[in-house]
Amino acid sequence: MLDQFQVRDLPLVDVVIALESAPLKAVVAALEHGECRAVLVLDQVGAPRGLVMRDAVLRHGERLSDLRVGLLPTLGVVETRPELMLHDAARAVSNAGVGAIVCRLGDGSDPKIMLRDEMLNLTDWAPLVDSRARRLAAEASLAMSSPRATPPAVIAL
């Protein structure tokens, strides 16, 4: 069944995004004003380095507010393309130390995540089926509206 779905069909969630050099107090402030459950830590070039759960950030932030978020222990992440088949994504998060997949759904969009345990223990398939149906309808509509290639002209000699 997993071969029918892509990563973009998953119920991906928002995260707080922070460079590894960001002070913990700034990350705590961002978490307090939102409902994100995790912080995606990026290295200096903007590549995902790891994931820190909200509770860990808040717990450490109370006593170590000047600490850099990159010094906290992180869960590993695997960055995937939206069109990656779900069975391939499941295989990627099955590796030891991986805590989530990270995906950007479009150019310039913020990364979203799905935690490993939630992905591997998915029991409600209805949201995936609905998302896949919307995606396939949009793809079919786009294919119908795009100009068809015209056959090359035949030149008679």
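Refer to the structure above for everything that follows.
Everything numeric here is computed off the predicted structure, so don't read it as measured data.

A. Broad picture of the sheet that holds strand β3 (residues 48-53). Taken together, the three strands give an open sheet; going across it, the order is β1-β2-β3, and neighbouring strands pair in mixed fashion. Across the chains shown, the open sheet's two edge strands, defined by having one partner strand only, are β1 (16-19) and β3. When strand polarity is set aside, the average angle formed by the axes of neighbouring strands in this sheet is 25 degrees. Of the strand pairs in this sheet, strand β2 (residues 38-42) and β3 are connected by five bridges, and their pairing is antiparallel. Directly across from Val39, in β3, lies its bridge partner Val52. Packed onto the sheet, helix α2 (residues 54-63) meets β2 and β3 and runs at close to 75 degrees relative to β3.

B. A look at the environment of Glu32. With respect to the helices, strands and loops of the structure, Glu32 is situated in helix α1 (residues 24-32). Linking Glu32 and Ile113, residues 81 residues apart in sequence, is a C-alpha distance of 19 Å. Other than its neighbours up to four places away in sequence, Glu32 contacts Arg54 and Leu58.

C. Layout of the nonpolar core. Of all hydrophobic cores here, the largest spans 16 residues; its most connected members are Val7, Leu10, Leu12, Leu86, Ile101, Met114 and Met119. Beyond its immediate stretch of four places on either side in the chain, Ile101 contacts Val7, Leu10, Leu12, Val78, Thr80, Ala89, Val93, Lys112, Ile113, Met114 and Met119. If you look at the next biggest cluster of nonpolar residues, it comprises 15 residues, including Val28, Val52, Val57 and Val69.

D. Layout of the pairing of strand β4 (residues 76-80). Judged from the five bridges that link them, β4 and strand β5 (residues 98-103) form a sheet pairing that is parallel. The partner of Gly76 across the bridge, within β5, is Val98. With helix α3 (residues 86-93) bridging β4 and its parallel neighbour β5, the resulting β-α-β unit is right-handed.

E. Fine view of the side chain of Arg132. Residue position: Arg132 is located in helix α5 (residues 126-145). There is no salt bridge for the buried Arg132, and the closest opposite charge comes from Asp9, which lies 5.9 Å off by N-O distance. Those residues in contact with Arg132, other than ones at most four positions away along the chain, are Gln4, Phe5 and Asp9.

F. Representation of the sheet that holds β5 within the structure. The strand order β4-β5-β6 describes an open sheet built from three strands, whose pairing is mixed. Of all the strands in the sheet, the pair left with one neighbour each is β4 and β6 (112-115). Direction aside, neighbouring strands of the sheet carry axes that sit 30 degrees apart on average. Note: β5 against β6, four bridges, orientation antiparallel. Its bridge partner being in β6, Ala100 is matched across the sheet by Leu115. Docked against the sheet, α3 engages β4 and β5, running at close to 140 degrees with respect to β5.

G. The environment of His60, seen in detail. Relative to the assigned elements, His60 resides in helix α2. Owing to a relative accessible area of 17%, His60 belongs among the buried residues under this scheme. Taking the C-alpha atoms as reference, His60 lies 25 Å from Val45; in sequence the two are 15 residues apart. A distance of 3.2 Å separates polar atoms of two side chains, one belonging to His60 and the other to Arg63.

Cut-offs applied
- Residues numbered from 1 in each chain as written.
- Predicted model: local features only at pLDDT ≥ 70, side-chain atom pairs only at ≥ 80, totals over all residues.
- Heavy atoms only, no water.
- Pairing = 2+ DSSP bridges.
- Helix = DSSP H or I, 4+ residues; strand = E, 2+ residues; numbered from the N terminus.
- Axes fitted to C-alpha atoms, helices over the stretch in contact; angles between N-to-C directions.
- Contact = heavy atoms within 4.5 Å.
- Core = buried A, V, L, I, M, F, W, Y, C linked by side-chain atoms within 4.5 Å.
- Buried < 20%, exposed > 50% of the residue type's maximum accessible area, 1.4 Å probe, protein only.
- Right-handed = clockwise from strand over helix to strand, strands pointing away.
- Lys, Arg positive; Asp, Glu negative; His and termini not counted.
- Salt bridge = Lys/Arg side-chain N within 4 Å of Asp/Glu carboxyl O.
- Polar contact = N/O pair within 3.5 Å; in protein donor to acceptor, adjacent residues only side chain to side chain.

Interpretation in functional terms is not warranted from these geometric data alone.
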